[in-house]
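Here is what each chain is made of, one letter per residue.
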Amino acid sequence: MIQNCIFLLNAGHETTTSLMANSVGTLLDNPDQHQRLLDEPELIASAVEEFLRVESPLQIGNRLAGEDITLSGGEVLPKGTYIHTSIAGANRDPAVFDDPGRVDIARKPNRHIAFITGIHVCLGATLARVEGRIALGRLVRRFPRLRANGPAQRMPLARFRGWSSLPVSVR
Ligand code: HEM
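What follows concerns the overall build of the protein. Per the secondary structure count, the protein includes 5 helices and 8 strands. In the protein, the succession of helices and strands from N to C terminus is α-α-α-β-β-β-β-α-α-β-β-β-β. C-alpha atoms of the protein, sized along the principal axes, occupy 55 × 40 × 30 Å. Put simply, of all contacts in the protein between residues at least 6 apart along the chain, 60% involve residues at least 24 apart. For the protein, the exposed surface amounts to about 10800 Å²; the carbon and sulfur share of it is 58%. A gap of 7 Å separates the mean positions of the 20 positive and 17 negative side-chain charges of the protein.

This is how it looks when you write it as C-alpha cells:
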C-alpha cells in the first residue's frame, strides 16, 4: 500500500508539475510560439502535445525482456536483458518528426511517446492532458505579458525533466 501511494504521488504529481513548468519554459524560449498561442488559444490542446514531446517530463524508461525479442533491425535481445529506453530521444527522432528540434504548437501529426504506449501506457494521460490544457491555457490568457525574470535552474536529474526554479514576471 505504501509503495503504491509513493508510486502514484511520483507518477501523478511530479510529472504534471514538470509539464506545467516545462511548457512555460518552452514558451519563454520561443516567443513566436507564445504569441501564436495568444492569438490562437484554440491551439492549446495541440500545444500541450508539443510541450510533452520536446520537454518530456519522464525522459527514460526501463524494461526487462520477458522473452527473446527481435528488433526491427534484426538484433536480438535475449530474455532477461535489462533495457533502458530513451523517451526523450524517441520524441526527437528525425525519422518520425519533421524538423524535430523545432517547437511547433500546431504540429500534426504528433505521435510522441511522452506517456509511452502499449499495455503500460500512462494511466493518468487523459487527466494530465486535461490539467495541462486548463492550467496552461488559463495562465497564458490571464498573464499575456509572461516573461522570464531571473536565472532559472534545472532539476539535477536525468530521468525526470523539470525546473527547480523558473522565475517569471507577469506584469
Ligand atoms: C504529464 C504528466 C505525466 C507524464 C509525462 C507521465 C508519463 C508516464 C510514463 C512515461 C509512464 C510509463 C512508465 C514506464 O512504464 O516505463 C507512465 C505510467 C504511469 N502513469 Fe503517468 N505520466 C503523467 C501523469 C500521470 C498522472 C496524473 C497519473 C495518475 C493520476 C499517472 C499514473 C501513471 C501510472 C499508474 C502509470 C503506470 C501504468 C502501468 O504500468 O500500467 N501518470 N506515466
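More follows now that the structure is in view.
Time to look at the pattern of salt bridges. All told, the structure shown has 8 salt bridges when counted by the stated rule. A salt bridge links Glu50 to Arg53; the nearest nitrogen and oxygen atoms lie 2.9 Å apart. Of this pair, Glu50 and Arg53 both sit in helix H3 (residues 44-54), separated by 3 residues, roughly a single helical turn. Taken as a pair, Glu50 and Arg53 share a single burial class, namely buried. Members of the salt-bridge network, linked through shared partners, are Glu50, Arg53 and Arg107.

Within the structure shown, the criterion is met by 0 aromatic pairs. The ring of Phe97 has Arg53 lying over it, and the distance from NZ or CZ to the ring centre is 5.0 Å. When the ring centre of Trp163 is taken as reference, the NZ or CZ atom of Arg154 above it lies at 3.9 Å.

Let us now look at the side chain of His112. Of note, His112 is situated in the loop between helix H4 (87-90) and helix H5 (125-142). When its relative accessible area of 10% is taken as the criterion, His112 is described as buried. Among all residues touching His112, those that are not within four sequence positions of it are Glu49, Leu52, Arg53, Asn91, Phe97 and Arg129.

Attention now goes to the site of the ligand. By nearness alone, 21 residues border the ligand, and Ala11, Arg63, Ala114, His120 and Cys122 come closest of all. One nitrogen or oxygen atom from the main chain of Ala11 is found 3.2 Å from a nitrogen atom belonging to the ligand. Contact distances for the ligand include 2.9 Å between an oxygen atom and a side-chain N or O atom of His120. Where the shell around the ligand is concerned, the elements lending two or more residues are helix H1 (2-29) and H5.

Of the consecutive residues Lys108 and Pro109, the connecting peptide bond is found in the cis state with omega at -10°. Along the polypeptide, Pro109 turns up in the loop between H4 and H5. Residues other than glycine seldom take positive phi values, yet Asp99 does so here, at roughly 45°. By secondary structure assignment, the location of Asp99 is in the loop between H4 and H5. Although it is not a glycine, Ile116 adopts a positive phi angle of roughly 45°. Among the structural elements, Ile116 can be located in the loop between H4 and H5. Classification of Ile116 by relative accessible area gives partly exposed; the value is 26%.

Thresholds applied
Residues numbered from 1 in each chain as written. Predicted model: local features only at pLDDT ≥ 70, side-chain atom pairs only at ≥ 80, totals over all residues. Heavy atoms only, no water. Helix = DSSP H or I, 4+ residues; strand = E, 2+ residues; numbered from the N terminus. Contact = heavy atoms within 4.5 Å. Areas by Shrake-Rupley, 256 points an atom, 1.4 Å probe, with all protein chains shown as cover. Lys, Arg positive; Asp, Glu negative; His and termini not counted. Charge placed at Lys NZ, Arg CZ, Asp CG, Glu CD. Salt bridge = Lys/Arg side-chain N within 4 Å of Asp/Glu carboxyl O. Buried < 20%, exposed > 50% of the residue type's maximum accessible area, 1.4 Å probe, protein only. Phe/Tyr/Trp six-rings, centres within 6.5 Å; stacked < 30°, edge-to-face > 60°. Lys NZ or Arg CZ within 6 Å of the ring centre and 35° of its normal. Near = heavy atom within 4 Å. Polar contact = N/O pair within 3.5 Å; in protein donor to acceptor, adjacent residues only side chain to side chain.

Purely geometric numbers; function is a separate question.
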